[in-house]
Amino acid sequence: MSTAIVWLRQDLRLADNPALAFACEHFEQVIPVYIWDPDGEGDWPPGGASRWWLHHSLEALDKSLRKRHSRLIIRNGDSQTELAELIKTSQADAVCWNRRYEPAVRQRDAAIKTWLQDELKLICRSFNSALWWEPWEIKTGQGDPYRVFTPMWKKMLAEWRYPQVPAIPQPFPAMQEAPRSVPLDKLALLPRLDWDQQFYQHWSPGEQGAWDALDVFRDRAINDYLDNRNLPAQPDTSRLSPHLHFGEISTRQIVRQLCPDGEPPVDQQVSGFIRELAWREFSWHLLYNYPRIPAQPLQEKFSDFPWRDGRTREYQHDLRAWQQGMTGIPMVDAGMRELWATGWMHNRVRMIVASFLTKNLLIPWQAGEQWFWDTLVDADLGNNSQGWQWTAGSGADAAPYFRIFNPVSQGEKFDPEGEYVRHWIPELAELKGKRIHSPWQIEQSLLQELGIELGETYPWPVVDLKASRERALNAYQQIR
Ligand SMILES: Cc1cc2nc3c(=O)[nH]c(=O)nc-3n(C[C@H](O)[C@H](O)[C@H](O)COP(=O)(O)OP(=O)(O)OC[C@H]3O[C@@H](n4cnc5c(N)ncnc54)[C@H](O)[C@@H]3O)c2cc1C
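About the thresholds
- Residues numbered from 1 in each chain as written.
- Predicted model: local features only at pLDDT ≥ 70, side-chain atom pairs only at ≥ 80, totals over all residues.
- Heavy atoms only, no water.
- Domains from an automatic or database assignment.
- Contact = heavy atoms within 4.5 Å.
- Buried area = accessible area lost by both parts, 1.4 Å probe.
- Salt bridge = Lys/Arg side-chain N within 4 Å of Asp/Glu carboxyl O.
- Polar contact = N/O pair within 3.5 Å; in protein donor to acceptor, adjacent residues only side chain to side chain.
- Helix = DSSP H or I, 4+ residues; strand = E, 2+ residues; numbered from the N terminus.
- Pairing = 2+ DSSP bridges.
- Axes fitted to C-alpha atoms, helices over the stretch in contact; angles between N-to-C directions.
- Buried < 20%, exposed > 50% of the residue type's maximum accessible area, 1.4 Å probe, protein only.
- Core = buried A, V, L, I, M, F, W, Y, C linked by side-chain atoms within 4.5 Å.

Its domain assignment divides the chain into domain 1 (3–130), domain 2 (131–164 + 206–289) and domain 3 (300–477). Taken over C-alpha atoms, the centre of domain 1 sits 39 Å from the centre of domain 3. In this assembly, 11 residues from domain 1 lie in contact with 9 residues from domain 3. Across the interface of domain 1 and domain 3, roughly 810 Å² is buried in total on both sides, 65% from carbon and sulfur atoms. Per-residue buried area on domain 1 facing domain 3 is highest for W44, A49 and S50; these three make up 62% of the total on that side. The tally of links from domain 1 across to domain 3 stands at 0 salt bridges. The interface formed by domain 1 and domain 3 includes 3 residue pairs in polar contact (both at pLDDT 80 or more).

Written out as structure tokens, the structure reads:
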């Protein structure tokens, strides 16, 4: 009986899964396997919040497979060793997977492909399932990778590609004899402290959860996307990011859903949303073409940037205050608390907290990137490194360094009634309107009346916004 192993990774879905579709079409027996191999991910093994998501996503995938008389085989250990053992016990003829683009994973996968083809003489096929355009497919007129988003987006529109997506294989080839599988709990992906309690109210990991999220977004928010996408108090973005990261749904599927006639969207709101998906493509193209960007600034001059000394107590204090949502700047603290409680933060607020860390606190973007990596359910090497470098000013197409977000005016503009802050900072909930964004400017008697005592019930700001802005601009002068 011809047998294929489908090595599932960040493609935890049955529909539009080219590796699975290929295996089901060409082989009599198909073994879907997930290998938990954090050491194979180089410097970026999944963080705590991602592990929570992964646990539930694997559970959901296994359920879907069981409905089709199959199941997910789970292994724990070095990918090549586990594949070798699986190939031996199942006498597999082929191994198929969908490509990943993280630098360490690419290296590992290339070595495994060579071993499978050259040493074991097996069929080995890899496919694109994560991106709309492969990172090598879209180039500037000079044949270089794009470093600026807008021209890349224009090119994507000009050379519009209506994606083809394979359906869920029917019938699904069963396994004659299922190979050994490790119980999911043995991977110990769930946190030991019950930090994840609120996650359950906010998220439904898995393929069905992804489609439900898309449906809700289409029904409720897409028609006003451009007007509302910057308002963190309103749940009007799609919240598809963790589903996209784990491959429970793909950009290609979303584009097909939103553009049923196969043409580029005419509707401005739909086009605006697809443009954001193209930012994701842009991030991954950058990561593929500049694999150093998770650790090193893309613009080399930033290598000499005079960040604060990370060994000092003051630096550690300020970093901790930022992580814990205790900086005394309400818009920053609200975002950091939303992140801790839900594993996600609104895009506008990500930019505000990242600007505050790298500019007002002069703490290197890598420290923020690392914290996000551990606490975001959508932690994603392409988007996270691009987002941090963009905000810090060191990336491709970045916000100029001197454009320093003022968290108070950002709050007044994008959270004008203070609803978002009030939700995440109950200590300040009695403050009405936009004054909530700068409690240190409110007269003492009013604060007292409302039971707010700065330094006791809520912190004083860890830095003066004006002085720290000047300090950041002076630091930038040193590398210009
Ligand atoms: C400092 C910083 C760090 C970030 N880290 C991550 C990360 O680790 N993982 C992650 O998925 N996104 C990251 N982003 C991008 C963005 O904040 C999230 O993708 C977005 O908030 C997810 O919410 P949503 O799905 O409701 O977005 P929507 O507005 O509904 O957008 C739809 C999809 O488009 C993509 N997208 C939207 N905005 C961006 C963007 N600016 N860059 C790249 N792709 C985008 C995402 O896949 C998103 O799910 C980061 C942004 C910043 C400023």
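From this point, the discussion proceeds with the structure in view.
Residue placement: D62 occurs in helix α2 (residues 48–67). One polar contact links the side chain of D62 to the main-chain amide nitrogen of L72, over a distance of 2.8 Å. Not counting residues up to four positions away in its chain, the partners in contact with D62 are R71 and L72.

Looking now at the sheet that holds strand β4 (residues 94–98). Remark on secondary structure: sheet strands pair via backbone hydrogen bonds, oriented parallel or antiparallel. An order of β3-β2-β1-β4-β5 is seen for the 5 strands of this open sheet, with the pairing classed as parallel. Of all strands in the sheet, those bounded by a partner on one side alone are β3 (73–76) and β5 (123–127). Across the sheet, the axes of successive neighbouring strands diverge by a mean angle of 25°, strand direction being ignored. Bridge count between strand β2 (residues 29–36) and β3: 4 bridges; the pairing is parallel. Note on β3: the bridge partner recorded for V33 is I73.

The subject of this paragraph is unusual backbone geometry. Cis geometry marks the peptide bond from Q170 to P171; its omega dihedral reads -15°. Along the chain, P171 falls in the loop between α5 (149–158) and α6 (199–202). Its identity as a non-glycine residue notwithstanding, H69 has a phi of 65°, on the positive side. Checked against the element boundaries, H69 lands in the loop between α2 and β3. Among the residues examined, H69 registers a relative accessible area of 68% and is labelled exposed.

This part covers the nonpolar core. Residues I254, F273 and W322 are the most contacted members of the largest nonpolar core, which totals 85 residues. If you tally residues by element for this core, the top one is helix α11 (residues 268–289), at 10 residues. For this core, the domains that each give at least three residues are domain 2 (131–164 + 206–289) and domain 3 (300–477). Setting aside anything within four residues of it in sequence, one finds W322 in contact with T327, V332, M336, V353, F356, L357, L361, G368, W371, F372 and W388. Core analysis: the next-biggest nonpolar cluster, separate from the first, contains 37 residues, L12, A23, F27 and F172 among them.

Once that is clear, we can look at the environment of D224. As for its position among the elements, D224 is in the loop between α7 (207–220) and α8 (225–228). Note: C-alpha distance between D224 and R280 (56 residues apart in sequence) is 21 Å.

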